[in-house]
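# A structural walkthrough
Read off the chains here:
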Amino acid sequence: MDLTWGLYFPLILAAAAYAILSATGGMLAGRGNEAGAERLRSLAFLIVLLGGVWVVVLLLMALISQPDDLWDMVIITLVIVGFFAILLMVLFGLSLLVGRVSRSARRRSRVTTDEL
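Remember, it's a predicted structure, so these values are computed and weren't measured experimentally.

Parameters at a glance
Within any chain, residue numbers begin from 1 and follow the written order of that chain's sequence. Where local features are concerned, this predicted model is filtered to residues with pLDDT of at least 70; where side-chain atom pairs are given and counted, the filter is 80 or more; whole-chain, interface and lining totals use all residues. Side-chain measures were taken over the full set of non-hydrogen atoms in the model, leaving aside hydrogen atoms and water. Every residue gets a pLDDT, meaning the predictor's confidence in that residue, from 0 to 100. Helical segments are the DSSP runs of H or I of at least four residues, strand segments are the runs of E of at least two, and each set is numbered from the N terminus. One less than the residue count of a helix, multiplied by 1.5 Å, gives the span that helix is expected to have. Burial classification: accessible surface area is computed with a 1.4 Å probe over protein chains only, and a residue below 20% of its type maximum counts as buried, one above 50% as exposed, and the rest as partly exposed. Contacts between residues were defined by any pair of non-hydrogen atoms, one from each residue, lying within 4.5 Å. In this description, a line fitted to the C-alpha atoms serves as the axis of each element, helices being fitted only across the stretch in contact, and the angle between N-to-C directions of two axes falls anywhere from 0 to 180 degrees. Our angle categories are set so that under 35 degrees counts as roughly parallel, over 145 as roughly antiparallel, 65 to 115 as roughly perpendicular, and the remainder as oblique. A crossing counts as left-handed when the near helix is turned anticlockwise from the far one by less than a right angle, and as right-handed when that turn is clockwise. Basically, the charged four are Asp, Glu, Lys and Arg, the nonpolar ten are Ala, Val, Leu, Ile, Met, Phe, Trp, Tyr, Cys and Pro, and anything else, Gly included, counts as polar. In this description, a nonpolar core means a group of buried Ala, Val, Leu, Ile, Met, Phe, Trp, Tyr and Cys residues linked to one another through side-chain atoms lying within 4.5 Å. Two aromatic rings, drawn from Phe, Tyr or Trp (for Trp, its six-membered ring), form a pair once their centres lie within 6.5 Å of each other, and the interplanar angle then sorts them: stacked below 30 degrees, edge-to-face above 60, tilted otherwise. Within this analysis, the arc is defined by the directions that extend from the helix axis to the C-beta atoms.

### Quick word on the confidence of the model for the chain
When the pLDDT values of the chain are averaged, the result is 88; 89% of them are 70 or greater. Averaged over each element, pLDDT in the chain is lowest for helix α3 (residues 69-108) (89) and highest for helix α1 (residues 9-30) (94).

### Concerning helix α2 (residues 34-65)
Here α2 is 32 residues long and its end C-alpha atoms lie 46 Å apart, about the 46 Å a rise of 1.5 Å per residue gives. For α2, the set of buried residues is G36, A37, L40, A44, I47, G51, L58, M61 and S65. Along its buried surface, α2 packs onto α1.

### Describing the packing of α1 against α2
Following both chains from N to C, one finds α1 and α2 inclined at 165°, their axes separated by 8 Å at the closest point. Taken together, α1 and α2 sit at an angle that is classed as roughly antiparallel. Along this stretch, α1 crosses α2, giving a crossing that reads as left-handed. Its residues assigned to classes, the contact of α1 with α2 shows 17 nonpolar, six polar and two charged.

### As for the nonpolar core
Listed in full, the five residues of the largest apolar core are A14, L21, L40, A44 and I47. Elements represented by at least two residues in this core include exactly α1 and α2. Examining the composition of this core, we find that three residues originate from one element, α2, more than from any other.

### Overview of the packing of aromatic side chains
Going through the model one piece at a time under the given rule, you end up with two aromatic pairs. Between W5 and F9, the ring centres sit 5.9 Å apart and the planes meet at 90°, which makes this aromatic pair edge-to-face. What makes W5 exposed here is its relative accessible area of 64%. By relative accessible area, which is 37% here, F9 ends up partly exposed. On the numbers, 5.1 Å between centres and 75° between planes, the contact of F83 with F84 is edge-to-face. Under the relative-accessibility criterion, F84 is labelled partly exposed at 46%.

### Some remarks on α1
Given a rise of 1.5 Å per residue, 22 residues ought to cover 32 Å, and the 32 Å separating the end C-alpha atoms of α1 matches this to within 8%. Of the residues making up α1, those classed as buried are A14, L21, G25 and A29. Buried residues of α1, viewed axially, fall in a sector of 70°; they line one side. Exposed positions of α1 whose direction lies more than 90 degrees from the buried face are I12, I20, A23 and G30. Looking at the packing, one finds that the buried side of α1 touches α2. After α1 finishes, the residue G32 shows a positive phi value of roughly 95°.

Listed below in structure tokens is the structure:
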């Protein structure tokens, strides 16, 4: 079973419907019709929930049709997570180093009453 782009088309339609309903709800709220705006926002949220259910269906279909690619996906995800964890640690270390250097430079340039 091959996952064609047609299976993703309902998600495109759901995103467009959400955008339209959300914008229309905002417009109605701006005109003072809060009840109508709330109904449209509730309908837009329902469309988002249905899109989420369709994403789960697509995920299950992908797991069934491509079980060998699952491990590749897990490895790629772990590499990406590891890379960003190392990057965050390096940036955090640099920020601590810069803070320590600037703090010591401020201490050296400070004038106290003992020196007068």
